[in-house]
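# Analysis of the macromolecular model
One-letter residues, chain by chain:
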Amino acid sequence: MNSLQGQIALITGASSGIGAACARMFAQAGAKLILTARRQERLESLARSLMQDFNCQLYCLALDVRDRTSVEQSFANLPPEWNAIEILVNNAGLSRGLDKLHEGDILDWEEMIDTNVKGLLYVTRTLVPGMVQRQRGHIVNIGSIAGHQTYPGGNVYCATKAAVKALSEGLKQDLLGTPVRVSSVDPGLVETEFSEVRFHGDTERAKTVYQGLTPLTAQDVAEVVLFCVTRPAHVNISDVILVPTDQA
Ligand code: NDP
């Protein structure tokens, strides 16, 4: 039931956290993987480890999802044997700061909107036509509980994840009548590099985020993603919210 034998899956933001955990689970399930992120050395190190552990086929692609031209060209130039992408995990994303909106840093806003919303759109717009043409495909968007509820200082990040939720629903509507499925996986707090990135590398501040609760692991989320993409063709897991048991 959980086999992805021979299926080509592309994961954005595969260099750490949830994306890397999805790569590991997919590799174990027999998928052929296209790993993308900006930090190529991280991708290559992950690829070496996955090849050693699962003997899987991998293709690493250094990619900044904010760069529309690069997204289009990189996917257009994939070797032919990697073209038939069946699974897309739109995972690349980040949060910056926890500032009040009226005191926020505009460059932080642009980075979040460009990555979480526009980046996801560029990748989706480039890859989904091929799925429709081949009549096979599944897109998993990693949203967030932040797309369902806004917390203090979360303003712009929450808005980007509310946009991801709307885009997942919109894409699902637009693909009705095709066999291409769309799932939205929306986690609560997950312990990854996310908090360090949010606080620009301030590890002490990042640690405080997890105080008083047991956060999800990246693997917890990857297990849900694997579940979504291994259902029978007539089943679409449309939206999953998973949170730590002790998160409000
Ligand atoms: P990480 O910081 O560990 O991973 C983020 C990934 O996104 C990295 O691989 C990073 O790769 C990639 N990325 C960031 N910017 C870009 C870019 N411009 N182009 C390409 N790749 C990019 O965090 P998580 O694993 O936690 O985050 C993954 C997703 O999960 C995000 O969408 C996040 O919003 C979401 N999420 C996280 C939660 C959490 O508590 N951790 C909760 C709910 C949702 P690189 O820097 O190499 O480019």
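As annotated in an unreviewed UniProt entry, the chain carries the name SDR family oxidoreductase and is attributed to Geitlerinema calcuttense NRMC-F 0142. You can read under Sequence similarities (unreviewed entry) in the UniProt record for the chain the words "Belongs to the short-chain dehydrogenases/reductases (SDR) family."

Glancing now at the overall build of the chain. When its secondary structure is counted, the chain shows eight helices and seven strands. Relative to the globule expectation of 18 Å for 248 residues, the C-alpha radius of gyration of the chain, 17 Å, shows essentially globular dimensions. Across the 248 residues that make up the chain, the buried fraction comes to 40%. Taking the contacts inside the chain whose residues are at least 6 apart along the sequence as the reference set, 72% of them involve residues at least 24 apart.

Per-residue pLDDT for the chain averages 97, and the proportion of residues at 70 or more is 100%. Predicted as a complex, the structure gets a pTM of 0.98 and an ipTM equal to 0.99.

Taken together, 31 residues sit near the ligand, with G13, G17, R38, R39 and G93 positioned nearest. Every element with two or more residues in the shell around the ligand is listed here: α1 (17-28), α4 (106-134) and α6 (194-198). Tallying contributions element by element places α1 first for the shell around the ligand, with three residues. Within the shell around the ligand, the residues separate by chemical class into 13 nonpolar, twelve polar and six charged.

Time to look at the environment of V123. As for its position among the elements, V123 is in helix α4. Linking V123 and R66, residues 57 residues apart in sequence, is a C-alpha distance of 9.4 Å. Those residues within four positions of V123 in sequence are excluded, and the remaining contacts are T12, V65, V71, L88 and N90.

Attention shifts here to unusual backbone geometry. For N55, which is not a glycine, the phi torsion comes out positive at approximately 55°. Relative to the helices and strands, N55 is located in the loop between α2 (40-54) and β3 (58-62). Under the C-beta neighbour-count criterion, N55 is labelled exposed, with 9 such atoms within 10 Å.

A few words now on the nonpolar core. With 59 residues, the main nonpolar core has A23, L35 and V225 as its most contacted residues. Look past the residues within four positions of V225 in its chain and what remains in contact with it is C22, V89, V140 and V185. Judged by nonpolar contacts, the second largest core, of five residues, contains M112, V156, Y157 and C158.

A few words now on the pairing of strand β5 (residues 138-142). Regular strands place their side chains on alternate faces of the sheet. Within β5, five of the five residues are buried, leaving the element largely enclosed by the surrounding structure. Side chains of β5 alternate between two faces, with H138, V140 and I142 and I139 and N141 buried alike. The pairing of strand β4 (residues 85-90) with β5 spans four bridges and is classified as parallel. Residue pairing across strands places N90 opposite N141, the latter belonging to β5. Of the crossover connections in this fold, the one passing from β4 over α4 to the parallel β5 is right-handed. In this view, the connection linking β5 to its parallel neighbour strand β6 (residues 181-187) by way of helix α5 (residues 155-174) has right-handed handedness.

So, how was this worked out
- Numbering of residues starts from 1 in each chain and follows the order in which that chain's sequence is written.
- The predicted origin of the model limits local features to residues at a pLDDT of at least 70 and limits the giving and counting of side-chain atom pairs to 80 or more, whereas totals for whole chains, interfaces and linings rest on all residues.
- UniProt positions are given in the numbering used here, feature names are shortened, and annotations may be inferred rather than shown by experiment.
- Think of it this way: any DSSP run of H or I at least four residues long counts as a helix, any run of E at least two long counts as a strand, and we number them from the N terminus.
- Note that the radius of gyration is over C-alpha atoms, with the globule rule given as 2.2 Å times the number of residues to the power 0.38.
- Partly exposed residues are those whose C-beta has more than 12 but fewer than 20 other C-beta atoms within 10 Å; with 20 or more the residue is buried, with 12 or fewer it is exposed, and the C-beta atoms are placed from the backbone.
- Contact between two residues is assigned whenever their backbone-derived C-beta positions fall within 7 Å.
- Residue-level confidence of the predictor is summarised by pLDDT, bounded by 0 at the bottom and 100 at the top.
- Near residues are defined by distance alone, with the backbone-placed C-beta atom required to lie within 6 Å of the molecule or strand.
- Charged residues are taken to be Asp, Glu, Lys and Arg, nonpolar residues to be Ala, Val, Leu, Ile, Met, Phe, Trp, Tyr, Cys and Pro, and polar residues to be all remaining types, Gly included.
- A set of buried residues qualifies as a nonpolar core if it consists of Ala, Val, Leu, Ile, Met, Phe, Trp, Tyr and Cys joined through C-beta atoms within 7 Å.
- Pairing between two strands requires that DSSP report at least two bridges joining them.
- The handedness of a crossover follows from its direction of travel: if, with the strands pointing away from the viewer, the path from the first strand over the helix to the second runs clockwise, the crossover is right-handed.

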